[in-house]
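# Secondary and tertiary structure notes
Take a look at the letters that make up each chain.
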Amino acid sequence: MAVATVPLEPVESTVPPEHKEQTVYHVKPGSGGTLIEVHGFNLFYSSKQALFDIDMDIEQGLVTALIGPSGCGKSTLLRSLNRMNDLIDGLKTTGRIAIEGTDIYAPNIDVIGLRKRMGMVFQKPNPFPMTIAENVTYPLKVDGIHDRTVLAETTQRALKGAALWEEVKDRLKDNALGLSGGQQQRLCIARAIAADPDVLLMDEPCSALDPIATAKIEELIYQLRGHYTIIIVTHNMQQAARVSDNTAFMYLGKLIEYGETTTIFTNPMVAKTEDYVTGRFG
């Protein structure tokens, strides 16, 4: 069912002079083509501007990392892609974000339908206080799907996709809160992919995990690459270098440089990018 939305009031961009330099952009188009286009996107929290003229194309089937110091706008941009920021009072935007050519901020957009296309994984694991199987199938039941065969097949498919099936296949009726932190996060990924979204949005998915659990999540991201378009926010430079195809460096709400990950980390074209990835600030 389409959800009526109120058109966002246009706001004149107030980009200060230090933000007006052009983003250095050297991403090569992927074989899958562009899935998400962000053009001239600005975001305001009331009178405070948080994102400044963001321009980037996100390639289908690849992993894109958003890096930058705290408060630079990474999570704000990520949450703009599924319009989670709409829940914040005083939010205003200008510019355009389009998925397969459809402007997601158009007045007639089905926001619930949009969010179904984008699985979301948060910083801390957030399993529901119900069984492991019920966690996975929750999105389907919300959509009114109660066929036991479909639910069972989805549970197995999603848990296998999240590399968790072998660990929990005999515990599906156990409470999900009894899993370890790393298992809980993989369960949340299983829940996110159960409805077969186009995009996985990951906001610091390993920040609350130990190194062993982090390694498993990184391996999982690598395995999911190609099946989903993945966008990950991370403070961990090594993690971004390991798991992503393209990397976007953000600073003070602006996209400074966007390119292939190997280039960003070995031969960046902007001095500020080099300073950040080499640890001179952050």
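Predicted, not measured: the structure shown is a model, and the values here were computed from it.

## Considering the side chain of Glu-204
In this fold, Glu-204 is placed in the loop between strand 8 (199–203) and helix 7 (211–224). Excluding anything up to four places from it in sequence, Glu-204 contacts Phe-122, Gln-123, Val-233, Thr-234 and His-235.

## With respect to the sheet that holds strand 6 (residues 102–103)
As summarised here, the arrangement of the four strands in space is 3-2-5-6, forming an open sheet in which the pairing is antiparallel. Every interior strand has two partners, whereas the edge strands, strand 3 (48–59) and strand 6, have only one. As defined by bridge partners, strand 2 (residues 34–45) adjoins strand 5 (residues 91–99) across eight bridges and the pair is classed as antiparallel. Note that in strand 5 the partner of His-39 across the bridge is Arg-96.

## Looking at the layout of surface pockets
The space that makes up the largest pocket amounts to roughly 640 Å³. Taken together, 21 residues make up the lining of the largest pocket; nearest its centre are Arg-115, Met-118, Met-120, Pro-139 and Arg-191. With four residues, the single largest contributor to the lining of the largest pocket is strand 7 (residues 118–121). Grouping the constituent residues of the lining of the largest pocket by class yields 14 nonpolar, three polar and four charged. In this structure, the second largest pocket encloses a volume near 250 Å³. Taken together, Thr-131, Ala-133, Glu-134, Thr-137, Lys-141, Arg-148, Leu-151, Ala-152, Thr-155, Trp-165, Leu-172 and Lys-173 make up the full set of residues lining the second largest pocket. Here the residues of the lining of the second largest pocket are counted per class, giving five nonpolar, three polar and four charged.

## Some details on the side chain of Lys-74
Within the secondary structure, Lys-74 is located in helix 1 (residues 74–80). It is Glu-204 that comes nearest to the buried, bridge-free Lys-74 among opposite-charge side chains, at 5.3 Å. A polar contact of 2.9 Å, which involves the side chain of Lys-74, links it to the backbone oxygen of Gly-68. A polar contact is formed between the side chain of Lys-74 and the backbone oxygen of Pro-69, at a distance of 3.3 Å.

## Observations regarding the confidence of the model for the protein chain
Averaged over every residue, the pLDDT of the protein chain is 91; residues scoring 70 or more account for 93%. When the criterion is pLDDT under 50, residues 1–16 qualifies, and its contacts beyond four places in sequence or with other chains add up to 33 contacts.

Procedures and definitions
Residues numbered from 1 in each chain as written. Predicted model: local features only at pLDDT ≥ 70, side-chain atom pairs only at ≥ 80, totals over all residues. Heavy atoms only, no water. Helix = DSSP H or I, 4+ residues; strand = E, 2+ residues; numbered from the N terminus. Contact = heavy atoms within 4.5 Å. Pairing = 2+ DSSP bridges. 1 Å grid on protein atoms, 1.4 Å probe; cavity = no way out; pocket = protein on both sides within 12 Å on 5 of 7 lines; lining within 4 Å. Points joined across faces, edges and corners; volume = space filled by probe spheres on them. Nonpolar A, V, L, I, M, F, W, Y, C, P; charged D, E, K, R; others polar. Buried < 20%, exposed > 50% of the residue type's maximum accessible area, 1.4 Å probe, protein only. Lys, Arg positive; Asp, Glu negative; His and termini not counted. Salt bridge = Lys/Arg side-chain N within 4 Å of Asp/Glu carboxyl O. Polar contact = N/O pair within 3.5 Å; in protein donor to acceptor, adjacent residues only side chain to side chain. pLDDT = per-residue confidence, 0-100.

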